[in-house]
Amino acid sequence: MDLLALADFTLVARHGGFGKAARATLRPKATLSRRVSELEAALDLRLFERGRRDLKLTEEGRALFERVGALLTELEETTAAIASGGGQVRGRLRISAPLLFSQTAMGRLAAEFVRLHPEVRLEVTTDDRAVDMIEEGYDLVIRVDPKPDDALVGRPFLRDRLVVVAHPELPRSAGGLVPAAVRGDDPARSWRIAAPDGPLEIAIEPVLRLSSLVMIRDAVLAGAGIARLPLSLALPCITSGRLAHWGDVVQSDIALWALYPSRRLLSARVAAFLELLRRAFPNAAPEELAAYLEG
């Protein structure tokens, strides 16, 4: 098997076309096209569907890219590490993280990471959807309670839970609707919270629908009503008395996971970022994230 041809194939697949790959690497487009054609002939497989304006991986091409691309990356990193004495983390690290964690914590984490590893070029994008790591070129994704995925492995690095909070001057209602600020996609009409004598159900009237939990917190601080918020986000305001804690939402435990492609050799860059998360949140507790945000 021609490793150079495999490397050129993954290069074209990663950039989405011969022209784009040629411009990114300053390689002749004709050379890349010839190498891929030779690989297809050797495998007796069509790896790309070639249209007039676009280039798409076939099913066989996608399977090859997902397996070989990761292995070639590890090979490059291993040889680079050996050449540099094995002690330097370098290269590009692409991370996708959810909106709230990005807004509150990723800025400081990113700054600390590049301070520790100055030869890494870190790129963080914010997205609450389930991104395709291989197709979109991410090395690590952070997600809240992700669905099982055979192609990914990972670990929870932070746990949280939802609490119901309100402005201190908002009286607790014994019955009837309570004005609430909710996320735009929240269909709930009542919230169950833990109380000393058992679960208590609060009927809510959504008066604000907002897309960001930070906006919801700020609206409640301004007296808009009650809200369900992660304890890590609400705790500083509860501690200072700016928010009243009405109770923990029943069965609302959540976890943040760091996920990466399933493979035997873990990227040195990914391993370094996982270690940073472990040091920042050693007990994976919401109080640690709250303290981190305050610090």
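Above this text is the structure in question.
**Let's talk about the overall build of the protein chain**
Next, step 1: On a plain count of helices and strands, the protein chain comes out with 10 helices and 13 strands.
Next, step 2: Compactness check: the protein chain gives a C-alpha radius of gyration of 24 Å against a globular reference of 19 Å for 295 residues, more than 25% above the reference.
Next, step 3: In terms of overall dimensions, the protein chain has a C-alpha envelope of 75 × 45 × 30 Å along the principal axes.
Next, step 4: When each of the 295 residues of the protein chain is scored for burial, the buried share is 40%.
Next, step 5: A total accessible area of about 16200 Å² is found for the protein chain, and carbon and sulfur atoms account for 52% of it.
Next, step 6: The centroid of the 39 positive side-chain charges in the protein chain is displaced by 5 Å from the centroid of its 39 negative side-chain charges.

**Description of the packing of aromatic side chains**
Next, step 1: Evaluated as defined, the whole model comprises six aromatic pairs.
Next, step 2: Between Phe9 and Phe48, the ring centres sit 5.5 Å apart and the planes meet at 55°, which makes this aromatic pair tilted. Placement of the pair is Phe9 in helix α1 (residues 3–15) and Phe48 in strand β1 (residues 48–50), with a sequence separation of 39 residues.
Next, step 3: Using a relative accessible area of 2% as the deciding quantity, one classes Phe48 as buried.
Next, step 4: Look at Phe281 and Tyr292: their rings are 5.5 Å apart centre to centre, the planes differ by 65°, and that puts the pair in the edge-to-face class. Of the two residues, Phe281 is situated in the loop between α9 (268–280) and α10 (286–294) and Tyr292 in helix α10; the sequence distance between them amounts to 11 residues. Grouping residues by exposure puts Phe281 and Tyr292 together as buried.
Next, step 5: Its guanidinium or amino end placed over the ring of Tyr138, Arg94 lies 4.3 Å from that ring's centre, counting from NZ or CZ.

**Here's the deal with helix α7 (residues 213–221)**
Next, step 1: Restricting attention to buried positions, one finds in α7 the residues Leu213, Val214, Ile216, Ala219 and Val220.
Next, step 2: Close packing links the buried residues of α7 with α5 (99–116), β7 (162–166), β8 (178–183), β10 (200–210), β11 (226–230) and α8 (231–240).
Next, step 3: You can read the cap of α7 off the contacts: a side-chain oxygen lies 3.2 Å from the backbone nitrogen of Val214, and it is on Ser212.
Next, step 4: After α7 finishes, the residue Gly223 shows a positive phi value of roughly 95°.

**Overview of the sheet that holds strand β13 (residues 254–261)**
Next, step 1: Taken together, the five strands give an open sheet; going across it, the order is β4-β3-β5-β13-β6, and neighbouring strands pair in mixed fashion. Single-partner strands in this sheet number two, and they are β4 (120–126) and β6 (152–160). Averaged over all neighbouring strand pairs, the angle between strand axes comes to 20°, with direction disregarded.
Next, step 2: As paired strands, strand β3 (residues 91–97) and strand β5 (residues 140–144) are joined by two bridges and run parallel to one another. Within β5, the residue paired with Ser96 across the bridge is Val141.
Next, step 3: Lying on the sheet, α5 is in contact with β3, β4, β5, β6 and β13; it crosses β4 at an angle near 175°.

**Focus on the environment of Leu55**
Next, step 1: Structurally, Leu55 is set in strand β2 (residues 55–57).
Next, step 2: The exposure class assigned to Leu55 is buried, which follows from its relative accessible area of 17%.

**Digging into the packing of α8 against α10**
Next, step 1: Axis separation between α8 and α10 bottoms out at 8 Å; the angle between their running directions is 60°. Relative to α10, the element α8 is oriented oblique. Helix-helix and strand crossings are classified by hand; for α8 and α10 the assignment is right-handed. Every residue of α10 that contacts α8 at Leu231, Ser232, Leu235 and Pro236 is listed here: Pro286, Glu287, Leu289, Ala290, Leu293 and Glu294.

**Description of the pattern of salt bridges**
Next, step 1: Across all of its chains, the model carries 14 salt bridges by this definition.
Next, step 2: Of the charged contacts in the structure, one is a salt bridge between Arg217 and Asp218, with a shortest N-O distance of 3.2 Å.
Next, step 3: Residue Asp218 is classed as partly exposed on the basis of its relative accessible area of 37%.
Next, step 4: Its salt-bridge partner being Glu275, residue Arg279 comes within 4.0 Å of it at the nearest N-O pair. Placement of both Arg279 and Glu275 in helix α9 is noted, with a separation of four residues, approximately one turn of the helix.
Next, step 5: Salt bridges sharing partners connect three or more residues here, namely Asp8, Arg27 and Arg35.

Parameters and conventions
Residues numbered from 1 in each chain as written. Predicted model: local features only at pLDDT ≥ 70, side-chain atom pairs only at ≥ 80, totals over all residues. Heavy atoms only, no water. Helix = DSSP H or I, 4+ residues; strand = E, 2+ residues; numbered from the N terminus. Rg over C-alpha atoms; globule rule 2.2 N^0.38 Å. Buried < 20%, exposed > 50% of the residue type's maximum accessible area, 1.4 Å probe, protein only. Areas by Shrake-Rupley, 256 points an atom, 1.4 Å probe, with all protein chains shown as cover. Lys, Arg positive; Asp, Glu negative; His and termini not counted. Charge placed at Lys NZ, Arg CZ, Asp CG, Glu CD. Phe/Tyr/Trp six-rings, centres within 6.5 Å; stacked < 30°, edge-to-face > 60°. Lys NZ or Arg CZ within 6 Å of the ring centre and 35° of its normal. Contact = heavy atoms within 4.5 Å. Polar contact = N/O pair within 3.5 Å; in protein donor to acceptor, adjacent residues only side chain to side chain. Pairing = 2+ DSSP bridges. Axes fitted to C-alpha atoms, helices over the stretch in contact; angles between N-to-C directions. Parallel < 35°, antiparallel > 145°, perpendicular 65-115°, else oblique. Left-handed = near helix turned anticlockwise from the far one by under 90°. Salt bridge = Lys/Arg side-chain N within 4 Å of Asp/Glu carboxyl O.

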